[in-house]
Amino acid sequence: LQAGLIADAAPGLACVAVAFGGHPASSHLTDGGQYGALRKLAYGGVTDPAAYRQLHVKAREVSALYRQRREAALERRSGKGEVGGGDQ
């Protein structure tokens, strides 16, 4: 929802998916040691979405937040996170 609102307000802006990045996704990038690189790209005027996506790829290799969010999503999807779900 928020990405859509932002994209509507700034039509030249490209959205980049950062699965399990959380809100804000910069918390996962910070946890993964990529916040400085994010700032450098943004303040340097870099507009290539692939450059931002690469930060996500690098961050998810070491980010505990990413792993936690991914595991929680997988548990929800499998039904283990639901009352009465899973292998009961």
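Our subject is the structure listed above.
Sequence order as written defines residue numbering, which begins from 1 separately in each chain. Only residues with pLDDT of at least 70 are given local features in this predicted model, and only at 80 or more are side-chain atom pairs given and counted; all residues enter the totals for whole chains, interfaces and linings. Values reported for side chains reflect all heavy atoms of the structure, with hydrogen atoms and water molecules removed beforehand.

Draft legend 1. Just the side chain of H28, in detail. A run of DSSP states H or I qualifies as a helix once it reaches four residues; a run of E qualifies as a strand once it reaches two. Both are numbered from the N-terminal end. Position of H28 among the secondary structure elements: in helix α2 (residues 26–31). Only protein chains enter the accessibility calculation, which uses a 1.4 Å probe; a residue is then buried when its area is under 20% of its type maximum, exposed when over 50%, and partly exposed in between. Judged by relative accessible area, which is 0%, H28 ranks as buried. Pairs of N or O atoms are called polar contacts if they sit within 3.5 Å, as long as, within protein, a hydrogen donor faces a hydrogen acceptor (for residues adjacent in sequence, only side-chain-to-side-chain pairs). A polar contact of 2.8 Å, which involves the side chain of H28, links it to the side chain of H56. In what follows, residue pairs with any heavy atoms lying within 4.5 Å of each other are defined as contacts. Apart from residues no more than four positions distant in its own chain, H28 is found in contact with G21, H56, A59, R60, S63, L65, Y66 and R69.

Draft legend 2. The environment of G12, seen in detail. Note on placement: G12 falls in the loop between α1 (2–9) and α2. Since its relative accessible area comes to 81%, G12 is described here as exposed.

Draft legend 3. The arrangement of the environment of G33 in detail. Relative to the assigned elements, G33 resides in the loop between α2 and α3 (35–43). In this structure the C-alpha to C-alpha distance between G33 and S63, which are 30 residues apart in sequence, comes to 8.0 Å.

Draft legend 4. Here's a closer look at the packing of α3 against helix α4 (residues 49–60). Relative to each other, α3 and α4 sit at 175 degrees, their axes nearing to 10 Å. In terms of orientation, α3 lies roughly antiparallel with respect to α4. The residues of α4 that touch α3, namely those facing A37, L38, L41 and A42, are A51, Y52 and L55. Its residues assigned to classes, the contact of α3 with α4 shows seven nonpolar, no polar and no charged. Working convention: axes come from line fits to C-alpha atoms, limited for helices to the stretch in contact. Angles between N-to-C directions cover 0 to 180 degrees. Under this scheme an angle from 65 to 115 degrees is roughly perpendicular, one under 35 degrees roughly parallel, and one over 145 degrees roughly antiparallel; angles in between are oblique. Gly counts as polar in this scheme, as do all residues outside two lists: the nonpolar Ala, Val, Leu, Ile, Met, Phe, Trp, Tyr, Cys and Pro, and the charged Asp, Glu, Lys and Arg.

Draft legend 5. Spotlight on the packing of aromatic side chains. Aromatic contacts are taken between Phe, Tyr and Trp rings whose centres are within 6.5 Å, Trp giving its six-membered ring; a plane angle under 30 degrees counts as stacked, one over 60 as edge-to-face, and the others as tilted. Following the criterion strictly, the structure yields one aromatic pair and no others. With 6.0 Å between their ring centres and 70 degrees between their planes, F20 and Y66 make a pair best called edge-to-face. Taken together, the residues span a long stretch of sequence, with F20 in the loop between α1 and α2 and Y66 in helix α5 (residues 64–78) at a distance of 46 residues. Judged by relative accessible area, F20 falls into the partly exposed class, the value being 31%. Given a relative accessible area of 8%, Y66 falls into the buried group.

Draft legend 6. Expanded view of the nonpolar core. Nonpolar cores were defined as sets of buried Ala, Val, Leu, Ile, Met, Phe, Trp, Tyr and Cys residues, with membership established by side-chain atoms within 4.5 Å. Formed by L29, L38, L41, Y52, L55 and A59, the largest nonpolar core amounts to six residues. Those elements that place two or more of their residues in this core are α3 and α4. Per element, the largest residue contribution to this core is three residues, and it comes from α4. Non-local contacts of L38, meaning those with residues more than four positions away in its chain, are made with S26, L29, Y52 and L55.

Draft legend 7. Fine view of unusual backbone geometry. Cis peptide bonds are those with omega within 30 degrees of zero, and the linkage from H23 to P24 qualifies with -5 degrees. Structurally, P24 is set in the loop between α1 and α2. We note that F20 has phi near 60 degrees; this positive angle belongs to a residue other than glycine.

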